[in-house]
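# Report on the structure
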2 protein chains.
Amino acid sequence: MRSETAARVLDAAKRLGYVVNPIARSLKTSRSSSIGVVIPDLTNALFPPIMRGIDNVLEPLGYIPLLVNTDNDKEREAKQVAALRARQVEGLIVGTALLSDPGLERLAAEGFPVVLINRRTESSILPTVAGDNVAGVNLAVDYLVGLGHRRIAFLAGPQTTWTGQVRLRAYRNALQDHKIAYDEALVVFTEQFIETEGARGTRELLDRNVPFTALIAGNDLHALGCFDVFAERGIRCPEDVSVTGFNDMPFVDKLSPALTTIHIPQYEVGREAARMLIERINAKADVPAKSVLLPVELVIRGSAAAPASADRNGGAPAGRPARRATTTAV
Amino acid sequence: MRSETAARVLDAAKRLGYVVNPIARSLKTSRSSSIGVVIPDLTNALFPPIMRGIDNVLEPLGYIPLLVNTDNDKEREAKQVAALRARQVEGLIVGTALLSDPGLERLAAEGFPVVLINRRTESSILPTVAGDNVAGVNLAVDYLVGLGHRRIAFLAGPQTTWTGQVRLRAYRNALQDHKIAYDEALVVFTEQFIETEGARGTRELLDRNVPFTALIAGNDLHALGCFDVFAERGIRCPEDVSVTGFNDMPFVDKLSPALTTIHIPQYEVGREAARMLIERINAKADVPAKSVLLPVELVIRGSAAAPASADRNGGAPAGRPARRATTTAV
DNA sequence: ATGAAAGCGCTAACAC
DNA sequence: GTGTTAGCGCTTTCAT
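Below is a summary of the structure that appears in this document. (Residues numbered from 1 in each chain as written. Chains lettered and ligands numbered in written order. Predicted model: local features only at pLDDT ≥ 70, side-chain atom pairs only at ≥ 80, totals over all residues. Heavy atoms only, no water.)

### Side note on the overall build of chain A
- Looking only at helices and strands, chain A has 10 helices and 13 strands in total.
- Each of the three principal axes of chain A carries a C-alpha extent, and together these read 85 × 40 × 35 Å.
- Out of the 330 residues in chain A, the part that is buried amounts to 54%.
- Considering only residue pairs separated by 6 or more positions, chain A has 69% of its internal contacts joining residues 24 or more positions apart.
- Averaging the positions of the 38 positive and the 37 negative side-chain charges in chain A gives two centres separated by 7 Å. (Helix = DSSP H or I, 4+ residues; strand = E, 2+ residues; numbered from the N terminus. Buried < 20%, exposed > 50% of the residue type's maximum accessible area, 1.4 Å probe, protein only. Contact = heavy atoms within 4.5 Å. Lys, Arg positive; Asp, Glu negative; His and termini not counted. Charge placed at Lys NZ, Arg CZ, Asp CG, Glu CD.)

### Some details on the pairing of strand β4 (residues 114-117) of chain A
Residues and elements named next belong to chain A.
- On β4, burial covers both faces: V114 and L116 on one face and V115 and I117 on the other are all buried.
- Two elements, strand β3 (residues 92-94) and β4, share 3 bridges in a ladder whose sense is parallel. Bridged to V94 within β4 is L116. (Pairing = 2+ DSSP bridges.)

### Topic: the interface of chain B and chain A
- Taken residue by residue, the interface counts 41 residues in chain B and 42 residues in chain A.
- When chain B packs against chain A, the two sides together hide about 3500 Å² of surface, and 59% of this comes from carbon and sulfur.
- At the boundary of chain B with chain A, the tally comes to 10 salt bridges.
- With a shortest N-O distance of 2.8 Å, D71 of chain B and R52 of chain A are connected by a salt bridge.
- Here chain B and chain A share 19 residue pairs in polar contact (both at pLDDT 80 or more) between them.
- Mapped by element, the contributors of at least two residues to the side of chain B that touches chain A are α2 (22-29), α3 (47-58), β2 (64-69), α4 (74-86) and α9 (220-233) of chain B. (Buried area = accessible area lost by both parts, 1.4 Å probe. Salt bridge = Lys/Arg side-chain N within 4 Å of Asp/Glu carboxyl O. Polar contact = N/O pair within 3.5 Å; in protein donor to acceptor, adjacent residues only side chain to side chain.)

### Things to note about the relation of the copies chain B and chain A
- Least-squares fitting of chain B to chain A yields an RMSD of 0.4 Å, with the superposition described by an axial translation of 0.2 Å and a rotation of 180°. Such a combination of rotation and displacement between the chain copies is what one expects of a two-fold axis.
- A shared interface surface links the copies, since 100% of the contact residues of chain B are contact residues in chain A too. (Least-squares fit on C-alpha atoms with pLDDT ≥ 70 in both.)

### Concerning the protein's contact with DNA strand D
- As a matter of local geometry, DNA strand D sits amid 11 residues, with Y18, N21, R25 and K28 of chain A together with K28 of chain B nearest to it.
- Between DNA strand D and A24 of chain A, the relevant distance is 3.4 Å, taken from a base nitrogen to a main-chain nitrogen or oxygen of the residue.
- A distance of 2.4 Å is found between a phosphate oxygen of DNA strand D and a side-chain nitrogen or oxygen belonging to R25 of chain A.
- Within the residue set of the surface near DNA strand D, elements represented by two or more residues are α2 (22-29) of chain A together with α2 of chain B. (Near = heavy atom within 4 Å.)

### Focus: helix α7 (residues 162-177) of chain B
Residues and elements named next belong to chain B.
- Over its 16 residues, α7 runs 22 Å from end to end, which matches the ideal 22 Å to within 8%, given 1.5 Å per residue.
- Among the residues making up α7, those that are buried are W162, T163, G164, V166, R167, L168, A170, Y171, A174 and L175.
- In the segment just after α7, K179 is the residue with positive phi, at about 55°. (Expected span 1.5 Å × (residues − 1).)

### Some thoughts on the pattern of salt bridges
- The tally for this structure, following the rule as stated, stands at 40 salt bridges over all chains.
- For E268 of chain A, the salt bridge is made with R275 of chain A, and the minimal N-O distance between the two is 3.9 Å.
- On the basis of relative accessible area, E268 of chain A is assigned to the partly exposed category, the value being 33%.
- With a shortest N-O distance of 2.9 Å, R233 of chain B and D207 of chain B are connected by a salt bridge. Residue R233 of chain B is found in helix α9, and its partner D207 of chain B is found in helix α8 (residues 195-207); the two are separated by 26 residues along the sequence.
- On the accessibility criterion, R233 of chain B (36% relative accessible area) is partly exposed.

### Remarks on the environment of I64 of chain B
- Along the chain, the position of I64 of chain B falls in strand β2.
- Here the alpha-carbon distance between I64 of chain B and Q266 of chain B, two residues 202 residues apart in the chain, equals 19 Å.
- Discounting residues that sit within four places of it in the chain, I64 of chain B has contacts with L66, V68, L84 and R87 of chain A together with S33, S34 and I35 of chain B.

### Re the packing of α2 of chain A against α2 of chain B
- Packing of α2 of chain A against α2 of chain B leaves a shortest axis separation of 9 Å and a crossing angle of 140°. Between α2 of chain A and α2 of chain B, the interaxial angle falls into the category oblique. The crossing of α2 of chain A and α2 of chain B is left-handed. Seen from α2 of chain A, the contacting residues are I23, A24, S26 and L27 of chain A; seen from α2 of chain B, they are I23, A24, S26 and L27 of chain B.
- Of the residues contributing to the contact of α2 of chain A with α2 of chain B, the split by class is 6 nonpolar, 2 polar and no charged. (Axes fitted to C-alpha atoms, helices over the stretch in contact; angles between N-to-C directions. Parallel < 35°, antiparallel > 145°, perpendicular 65-115°, else oblique. Left-handed = near helix turned anticlockwise from the far one by under 90°. Nonpolar A, V, L, I, M, F, W, Y, C, P; charged D, E, K, R; others polar.)

### Focus on α9 of chain B
All names here are of chain B.
- Between the first and last C-alpha of α9 there are 20 Å, a value that for 14 residues agrees with the 20 Å anticipated at 1.5 Å per step.
- Counting buried positions over the 14 residues of α9 gives 10, a clear majority of the element.
- Those residues of α9 not exposed but buried are D220, L221, H222, A223, L224, G225, C226, F227, V229 and F230.
- Sitting at the head of α9, N219 places a side-chain oxygen 3.1 Å from the backbone nitrogen of L221.
- Looking at the residues trailing α9, positive phi occurs at G234, about 70°.

### Quick notes on the packing of helix α6 (residues 133-147) of chain A against helix α7 (residues 162-177) of chain A
Residue and element names in this part refer to chain A.
- In contact at an axis separation of 8 Å, α6 and α7 are set at 45° when each is read in the N-to-C sense. With respect to α7, the axis of α6 lies oblique. For α6 against α7, the interelement crossing comes out right-handed. Of α7, the residues touching α6 (which contributes N133, V134, V137, N138 and V141) are W162, T163, V166, R167, A170, Y171, A174 and L175.

Nothing here speaks to function; it is all geometry.
Written out as structure tokens, the structure reads:
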């Protein structure tokens, strides 16, 4: 065909509003240009930025994410994954919290592209992207110890989640680095990463009547629960006890005191997960299941200060503009 | 075919792991079992609950929502809508803020199912679901007046948005109902529904040096901006000025003072929009474009109290558990 | 280089 | 009722 004719055809096509039918294309190519995103609950403030990160890399490539919520229900998850596969998604990004997941592992073993966010499973068939939890806990412990704290309590997240487990282990190790003995009277376990569990845990800790001057909350929601209980019992933060969180959710800078916490780059987590998935989708041969840890930051705000009894004072007074300390992850 | 044979076939199918290919089905039926959801930004706390509401009604029907973010960019929106249509979505739920949208109106006029959330366009071709903004403003004004306020300022949202316009009009009317003269020195316009614009507006208002004892913020984010400026200038809330918000975003109950605001049932907005869309998709003939307003609630927390000068005192002291006042919408 | 045609997996229409 | 077939719109292979 002469190029001039070609131009005229293209022109006519545009004028008549022709658009390719991706359905027909999919049928022929058995590619769908869509990927499945499986999360517990979009309403959890962690996930919107992750979703946007995913979308940000997928969109320019012509992929569209299909989002499903599982509400942490194992059965629902299986059903949703099946529905996604039926729609011929080319890969899956999974952000649910289960520690092991035979269904997903089987999928991955069959060569179906899957990447996990914010967790790792026991077997390492599945590639992962997450914030560097160990570095985050270290940042928090170092900071607190630097402020003069020695009795640092820990609100452990659910041990059925990878995040819960890894943060607890990091806490033990970090104490050890500072030659502080691990005292199990200072750690309390929670069932879920939610505010009420943070409150329950804090009450339990307080009721043990063992002294402590600082508290590392399992995440920001737990910290919210701490604040509730402190208000209940007339405990002042940071004067009586310092608190740090995890995640740096929106608006935790608006609390009183503003929450000192570990910032996790959720948007980047989403981007990286999407990139990784695309790489796997495009790969001819099997790609080894690498796992990437993104650097986290300590965001210093008002909820931690030197303990009343401390000699040296390095505390950040409430209301001071946030400073940031960074670690670069492995 | 004998039913026994049929059973054997079904059995074999299951054993072989047969699943229908929805792509092929779509190609044949030109139905996709998917609908498009167009929002400015998932990261805006308004939208996750709306999304879940949509998902909640769509999922049992076998529909899947395809979500796109426009970042309020007109061009991007057009592109995204085109992409969605190319994917053969059977309908569109649109939550962007533009006051008129010829593209969408054309679509709707052609009989393509579209429903708008949280806004209405000038022409009424498009069906809508939103919270009852007028009732919400009335609730706020009535409450403030009941507390003894007469000089009630208003942070008007962008007048390029339906929400911004309708709330301003409602404010004027509500004042009139209370025989309070409308004073344009007490209203300031903002460019966007974001915190910094709330701050800018509040500064502008304060700099006018006209006295006021209460301030109705355009939405919760604006209220956050107010609080920032109050902190800057040593103004106490609610002692010096009362503030109310709009939306009842997550965590505004954690602010100091906890924000008194109008609760909008976003989850229900999503559900209702999805129901409406499905109804239109299934309709043989044209369905008239009704618009439904969902009831809102005044959530009384700590950011509004009686003015210092007031005779009667009906103020809610900070920290008191929230009470709710409801209106049923039209 | 250009064009023709087969076929992806399904559904609906039709003939039996 | 039961079975057969055309064709949805695209891509890709194959013949020209």
